[in-house]
Amino acid sequence: MDKKNFRPESLMMSYGYKPELSEGAIKCPIFQTSTFVFKTAEEGKAFFEVAYGLREKGAKEELGLIYSRLNNPDLEILENRLTLWDGAEECAVFESGMSAISTVFLEFLRPGDLLVFSSPLYGGTDHFIHHFLTDFGIHILGFQANQSMDEVAQKIEESGYANRLKLIYVETPANPTNALIDIEGCSELAKRFSTKENEVLVAVDNTYMGPLWQHPLKHGADLVIYSATKYIGGHSDVIAGACLGSSKLIGRIKGLRTFLGNMAGPWTGWLLMRSLETLKPRMETQARNAEKVAKFLKDHPKVEHVYYLGFISPDDKETYRIFKKQYESNGAMISFDVKGGEHEAFTFLNNLKLIKLAVSLGSTESLAEHPATMTHADVSHEDKTAMNITEKLVRLSVGVENPDDLIWDIGQALDAI
Ligand SMILES: *Cc1c(COP(=O)(O)O)cnc(C)c1O
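I will try to describe carefully the structure that is included in this document. (Residues numbered from 1 in each chain as written. Predicted model: local features only at pLDDT ≥ 70, side-chain atom pairs only at ≥ 80, totals over all residues. Heavy atoms only, no water.)

### Thoughts on the environment of Lys295
At step 1: Along the chain, Lys295 turns up in helix α11 (residues 279-298).
At step 2: Remark: the alpha-carbon pair of Lys295 and Phe311, spanning 16 residues in sequence, is separated by 9.2 Å. (Helix = DSSP H or I, 4+ residues; strand = E, 2+ residues; numbered from the N terminus.)

Following this line, the structure appears as structure tokens:
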């Protein structure tokens, strides 16, 4: 096999790192430094010319290390490794998922532009759109997973701002009910409203599936975004974010990142590189565990309905079509309705002994929470109803524990209802 064809999981321990540049250390050290020493003044000048876009980088020229707000070995190597999973040209890492998301909005939207987004979105993203972007004169238009792309196109036309559409922003599977959105459909929609002067972009927040199970760029998205706090970090011990896409688009995002100063620090970069080494085995174990948990929940008398990608029926034609083309796994996020309401859901949550009652997801430990009063407390009543975010809904992020122990815990907590 050609060396170039190694799978991403085989390269997570070594890709982009040269031990000979670090005293032979097998692991990339933490480059806890704010600035870098130039060999000569000429070298410093050359580095700045490229960094500030005063000239194009030469074919063999590497971006020189200048100052850790612009670049740092821990960040650059991490970014190179992250590109492998999504087949992206370039990646930018941030100190949080929200800083990746807000930087994308700030780079690509200007007053008067139209932002179209799927609903519901992660609470922080939703807040930034409704309470910040609108203040800056950006027009916003939400749509839901069950709306067809033709319906969305019609809503865009009717908004009166179709010629200012700039960005379609999507989260799929939607949190917390695993509703699906057709990324390729969104990409076609973007093309339909693009003109020579105005290219409409599609950005997908892929946090819910991590870099393993859904590859938005392959379905026509321009940008893929992660809260690296979730599966990428995977140990509930670091907050970080990432955005990937073409060199052209990520170059713009890195430009703004330099001036906002919201890049991840070297310590965060090092922690995430450590996490990436086990990304695949962690996520695969989580998905296997989730399948067992989902099957247990489905047959349980105290459970009314289970929202899990593995249970999408071929009879549900449109959803099944999207599922088949877009997903490589059923994932490890499960939501379910207990029979009853908030009291029954809370009784379940309060009686868990192994699974932790906490928001966040994608970590090694299993987490449970109540979307209606926690992660999605801020969602309008109308959207909650439309998206089945009711008082009886519980969300589970399945971890790497022994699945029999998880099932025992869930069983005894359901019995307490
Ligand atoms: C957690 C999360 C975010 C925000 O990421 P932070 O790292 O907490 O800033 C964005 N989108 C989704 C889907 C998330 O789950």
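### A few points about empty space enclosed by the protein
At step 1: If you walk through the whole model with that rule in mind, you get one cavity of 30 Å³ or more.
At step 2: Counted as a void, the largest cavity has a volume near 30 Å³.
At step 3: In this structure, the largest cavity is lined by Pro173, Asn178, Tyr208, Met209, Leu309, Asn330, Gly331, Ala332 and Met333.
At step 4: Shared between two domains, the lining of the largest cavity holds at least three residues of each, these being domain 1 (68-276) and domain 2 (279-415). (1 Å grid on protein atoms, 1.4 Å probe; cavity = no way out; pocket = protein on both sides within 12 Å on 5 of 7 lines; lining within 4 Å. Points joined across faces, edges and corners; volume = space filled by probe spheres on them. Domains from an automatic or database assignment.)

### Re the site of the ligand
At step 1: Taken together, 14 residues surround the ligand, and among them Met98, Asp205, Ser227, Thr229 and Lys230 come closest.
At step 2: One nitrogen or oxygen atom from the main chain of Gly97 is found 2.9 Å from an oxygen atom belonging to the ligand.
At step 3: Within the contact set of the ligand, an oxygen atom lies 2.8 Å away from a side-chain nitrogen or oxygen of Ser227.
At step 4: Residue contributions to the shell around the ligand peak at three residues, all from helix α4 (residues 97-108).
At step 5: When grouped by side-chain class, the residues that make up the shell around the ligand number six nonpolar, five polar and three charged. (Near = heavy atom within 4 Å. Polar contact = N/O pair within 3.5 Å; in protein donor to acceptor, adjacent residues only side chain to side chain. Nonpolar A, V, L, I, M, F, W, Y, C, P; charged D, E, K, R; others polar.)

### Brief notes about the pairing of strand β3 (residues 139-144)
Working note: regular strand, side chains alternate between the two faces of the sheet.
At step 1: Summarising the sheet, strand β2 (residues 114-119) and β3 pair through six bridges and their orientation is parallel. Its bridge partner being in β3, Leu115 is matched across the sheet by Ile140.
At step 2: With helix α5 (residues 123-133) bridging β2 and the parallel β3, this β-α-β connection has right-handed handedness. (Pairing = 2+ DSSP bridges. Right-handed = clockwise from strand over helix to strand, strands pointing away.)

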